[in-house]
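Report on the structure
These are the residues of each chain, in order.
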Amino acid sequence: MMTKQSFLASQQDLLLLIARVLLVILFLVAGVPKLLHFSGTVAYMGSVGAPLPAIAAAIAVFMEVPAVIALLVGFWTRPLALLLAIYTIGSALIGHPFWTMTGAEQANNAIHFYKNLAIAGGFLALCAAGPGRFSIDRG
């Protein structure tokens, strides 16, 4: 008889690896262009009202490239997952302020805002669970 605790327990390490991969894809896809076109990233940060656009751009690049690569390989997983959850919520607040918009723009940004919150939830779950066996942290 299978208990609640045993459901997929033998696959936990694989599932945590898949979770890390799926969580970081978006950040790498968005972060690498930010790194390669840093001056454009600074300009974008200024256009959305981010405080200190150059510093905000540097933080974005750091969080979306080296931090997620470290998370991907399972290095400093728990603290980085927590930091990425906070970063993702901050990105939602700065990048998708749907409450200041109307119509289709508001609806589109609301979806992105709530997706960011869901991603932050995934990071918090990873923070709680740890990286699993297939990682540098191993646990």
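A quick note: this is a predicted structure, and the numbers were derived from the prediction, not measured. (Residues numbered from 1 in each chain as written. Predicted model: local features only at pLDDT ≥ 70, side-chain atom pairs only at ≥ 80, totals over all residues. Heavy atoms only, no water.)

If you tally the helices and strands in the protein, you get six helices and zero strands. The N-to-C order of helical and strand elements in the protein reads α-α-α-α-α-α. If one aligns the C-alpha atoms of the protein with their principal axes, the spans along those axes are about 55 × 35 × 20 Å. Expressed as a percentage of the 139 residues in the protein, the buried residues total 33%. The contacts in the protein between residues at least 6 apart in sequence include a share of 64% that link residues at least 24 apart. Of the accessible surface of the protein, which amounts to about 8,200 Å², a share of 74% is contributed by carbon and sulfur atoms. Side-chain charges of the protein comprise 7 positive and 4 negative groups, with the mean position of each set lying 10 Å from the other. (Helix = DSSP H or I, 4+ residues; strand = E, 2+ residues; numbered from the N terminus. Buried < 20%, exposed > 50% of the residue type's maximum accessible area, 1.4 Å probe, protein only. Contact = heavy atoms within 4.5 Å. Areas by Shrake-Rupley, 256 points an atom, 1.4 Å probe, with all protein chains shown as cover. Lys, Arg positive; Asp, Glu negative; His and termini not counted. Charge placed at Lys NZ, Arg CZ, Asp CG, Glu CD.)

Axis separation between helix H2 (residues 38-47) and helix H3 (residues 53-64) bottoms out at 8 Å; the angle between their running directions is 120 degrees. Judged on the interaxial angle alone, H3 and H2 are oblique. Crossing hand, H2 versus H3: right-handed. The segment H2 lies against H3, with Phe38, Thr41, Val42, Met45 and Gly46 engaging Pro53, Ala54, Ala56, Ala57, Ala58, Ala60 and Val61. When grouped by side-chain class, the residues that make up the contact of H2 with H3 number 10 nonpolar, two polar and no charged. (Axes fitted to C-alpha atoms, helices over the stretch in contact; angles between N-to-C directions. Parallel < 35°, antiparallel > 145°, perpendicular 65-115°, else oblique. Left-handed = near helix turned anticlockwise from the far one by under 90°. Nonpolar A, V, L, I, M, F, W, Y, C, P; charged D, E, K, R; others polar.)

Quick look at helix H5 (residues 77-95) now. With 19 residues, H5 should cover 27 Å at 1.5 Å per step; its first-to-last C-alpha distance of 25 Å lies within 8% of that length. Among all positions of H5, only Thr77, Leu80, Ala81, Leu84, Ala85, Tyr87, Thr88 and Ala92 are buried. (Expected span 1.5 Å × (residues − 1).)

Scanning the model with the defined rule gives two salt bridges in all. The shortest N-O distance in the salt bridge between Asp13 and Arg133 comes to 3.3 Å. Remark: Arg133 occurs in the segment after helix H6 (103-129) and Asp13 occurs in helix H1 (residues 12-36); sequence separation between them is 120 residues. Asp13 sits in the partly exposed class, given a relative accessible area of 23%. Here Glu64 and Lys34 are joined by a salt bridge, their closest N and O atoms 2.8 Å apart. (Salt bridge = Lys/Arg side-chain N within 4 Å of Asp/Glu carboxyl O.)

Another aspect to go through is H6. If you check H6, its first and last C-alpha atoms are 39 Å apart, about what 27 residues at 1.5 Å a residue would give, namely 39 Å. All of the buried residues along H6 are Asn109, Ala110, Phe113, Asn116, Ile119, Ala120, Phe123, Leu126 and Cys127.

In this section: a nonpolar patch on the surface. On the surface, a nonpolar cluster with roughly 890 Å² of combined accessible area is contributed by Phe7, Leu8, Leu14, Leu15, Ile18, Val21, Leu22, Ile25, Val29 and Phe134. Along the chain, Leu14 falls in helix H1. In this structure Leu14 comes out as partly exposed when scored by relative accessible area, which is 37%. (Patch = residues over 30% accessible without salt bridge, like charges linked within 9 Å, V, L, I, M, F, W, Y side chains within 5 Å.)

Purely geometric numbers; function is a separate question.
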